[in-house]
Each structure stands twice: as structure tokens, then as C-alpha cells.
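Spelled out, the chains give:
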Amino acid sequence: MYIVFEGVDKVGKSTQAKMLNEYLEYRWIKDVTGEPLSVLVSEPSDDAFGKKIRELTLSKEIETTSAASFLLYLASMANNAKKLNEFKKQNIHIIGDRSFLSTMVYQSLYAAKLDPKEILRTVLLCGIPVPDLVILLRPENSNLIVGRPNKDSLDSRLTKGMVDDIDAAYADIVCSSFSHKTIVVKEGDSKHDVNRQV
């Protein structure tokens, strides 16, 4: 099963993905050899290629156009697709911190203002796997998101209005495109409250 956590930057996707993976690895899913049957992945991928993509898009020294950013993220996802498809063939549960759904949201809202359906069509043409389950984390209070530090954030300049816009776009795009595969979880008082819901 391929499960991804989606939502606005700083809402807790990485934390919840890691907690779910640890739960699956150490409390439930191991094969007869003791090897874990779940793996944690991220978009852009955390391999050397994905790290370079992240470096380029976060760089203040290199200016990229919206179209170039979209193509860089698409390249990272296409490069990561082989690994994800191999995990699926081996029946390894994949826990993802973001997926192409984030690209659909951000590119349609802020960057290239691309049609989400066109992004989805491109993703599918590239053989990028579609999640079996999307866990959409939604902020309870966007003011709290704005104040949270996150050195690795793809958008470190979040304002309350941006958080609200991005959250609404996630709800619209993800829930309408993948309603049969989406669970919406409201951010709780602590990461453990959210984890219990997950």
C-alpha cells in the first residue's frame, strides 16, 4: 500500500509519516527474516538527485521560472517512480511525505498556474505511482502554522492568507480528485493527538 501525507508546509506531514512508518516497522509489519516491510519516502526524493532538486528550488542565488520549477519536481518524481514501483512489486508498504499532489496544489495555485488535471495527466504519462491512500492534514489555526520554524520548508515565507489559500486548494484538488482515497485529519493539540486520528 502506498500512503501519503499531504497538507500545507509545517502542518506535521514529516512527523506523522515518520510516526506511522515507525509503528508499521516496529510494532506490526516485519517479514520472517525480521526485515521491515515498510519504507519512508519523500518528494522531492531524499536521494542525491532529489536533494539537488530541493537545493535548486530553495536557492536564493539561482532564479528559476515557475515552469522550470514544475519540470524539476516532475524530473525528481519520475526519477523516484522506479524505486516506488519496485517497493510496490515487493509488497513493501510505502509511507510518503508529500507526493505529486503537492505539485498539483502549488503549481496550480502559485507557480505556473497549471490546470491540476493537466498535471495529473503528465504525472500518469511519466509512470509516477498514484497513492492508494491520502491522509490530508489540515491546520486547525493557520496563525499557528505561520509562526512555526521549518528550515527545510519549500515555502518559508508563509503568511496567514497563503496558508488559508493552500489549505483550501488541498481540500479542493485532493478531495475532489481522490475523494475515495482521502482521509482528512484536523491538526490536534499535539502530534500524538494527530497520530491517534491517523
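Residues numbered from 1 in each chain as written. Predicted model: local features only at pLDDT ≥ 70, side-chain atom pairs only at ≥ 80, totals over all residues. Heavy atoms only, no water.

Moving on to the packing of helix 4 (residues 100-109) against helix 5 (residues 116-125). In the contact formed by helix 4 and helix 5, the axes pass within 9 Å of each other and the chain directions differ by 145°. Handedness of the helix 4/helix 5 crossing: right-handed. Taking contact as the criterion, the partners of Phe100, Thr103, Met104, Gln107 and Ser108 in helix 4 are, on helix 5, Pro116, Ile119, Leu120 and Val123. When its residues are assigned to classes, the contact of helix 4 with helix 5 shows six nonpolar, three polar and no charged. (Axes fitted to C-alpha atoms, helices over the stretch in contact; angles between N-to-C directions. Helix = DSSP H or I, 4+ residues; strand = E, 2+ residues; numbered from the N terminus. Left-handed = near helix turned anticlockwise from the far one by under 90°. Contact = heavy atoms within 4.5 Å. Nonpolar A, V, L, I, M, F, W, Y, C, P; charged D, E, K, R; others polar.)

A few words on the confidence of the model for the protein. Mean pLDDT over the protein: 84, with 87% of residues reaching 70 or higher. By mean pLDDT, helix 6 (residues 142-146) is the weakest element of the protein at 73, and strand 1 (residues 2-6) is the strongest at 95. (pLDDT = per-residue confidence, 0-100.)

Enumeration according to the criterion identifies seven salt bridges in this entry. In this structure, Arg121 engages Glu118 in a salt bridge whose closest nitrogen and oxygen atoms are separated by 2.3 Å. A residue pair is termed a helical-turn pair when its members lie 3 or 4 positions apart in one helix, as Arg121 and Glu118 do in helix 5 at three residues. Arg196 serves as the salt-bridge partner of Asp193, at 2.6 Å between the closest nitrogen and oxygen. Residue Asp193 and its partner Arg196 are both found in helix 8 (residues 191-197); the two are separated by three residues, about one turn of the helix. (Salt bridge = Lys/Arg side-chain N within 4 Å of Asp/Glu carboxyl O.)

Let us now look at the sheet that holds strand 4 (residues 133-138). Taken in spatial order, the five strands of this open sheet run 2-3-1-4-5, and their pairing is parallel. Pairing within the sheet leaves two strands with one partner each, and these edge strands are strand 2 (38-42) and strand 5 (182-186). Put simply, the sheet's adjacent strands are angled 20° from each other on average, direction ignored. Direction of pairing for strand 1 relative to strand 3 (residues 93-97): parallel, over a ladder of four bridges. Its bridge partner lying in strand 3, Ile3 is registered against Ile95. Seen against the sheet, helix 7 (residues 160-177) touches strand 1, strand 4 and strand 5 and runs at an angle of roughly 160° to strand 4. (Pairing = 2+ DSSP bridges.)

A pair of packed helices can be characterised by two numbers: the angle between their axes and the separation between those axes. The contact between helix 3 (residues 66-89) and helix 4 brings their axes to 11 Å, and the two run at 175°. Accordingly, the angle class assigned to the pair helix 3 and helix 4 is roughly antiparallel. In contact with Ser66, Ser69, Phe70, Tyr73 and Met77 of helix 3, helix 4 contributes Phe100, Thr103 and Gln107. The residue makeup of the contact of helix 3 with helix 4, split by class, is four nonpolar, four polar and no charged. (Parallel < 35°, antiparallel > 145°, perpendicular 65-115°, else oblique.)

Most of strand 4 sits out of view: five of its six residues are buried. Here strand 1 runs beside strand 4; their pairing, made up of four bridges, is parallel. Across the sheet, residue Phe5 finds its bridge partner in strand 4, namely Ile135. Looking at chain direction, strand 4 and strand 5 are connected through five bridges and run parallel. The residue bridging Leu136 from the neighbouring strand is Val184, located in strand 5. (Buried < 20%, exposed > 50% of the residue type's maximum accessible area, 1.4 Å probe, protein only.)

Now for the side chain of Ser38. If you trace the backbone, Ser38 turns up in strand 2. On the basis of relative accessible area, Ser38 is assigned to the buried category, the value being 5%. Here the side chain of Ser38 touches Asn21 through a polar contact of 2.9 Å, side chain to side chain. Ignoring any residue separated from it by four or fewer positions in sequence, one finds Ser38 in contact with Asn21, Leu24, Glu25, Ile92 and His93. (Polar contact = N/O pair within 3.5 Å; in protein donor to acceptor, adjacent residues only side chain to side chain.)

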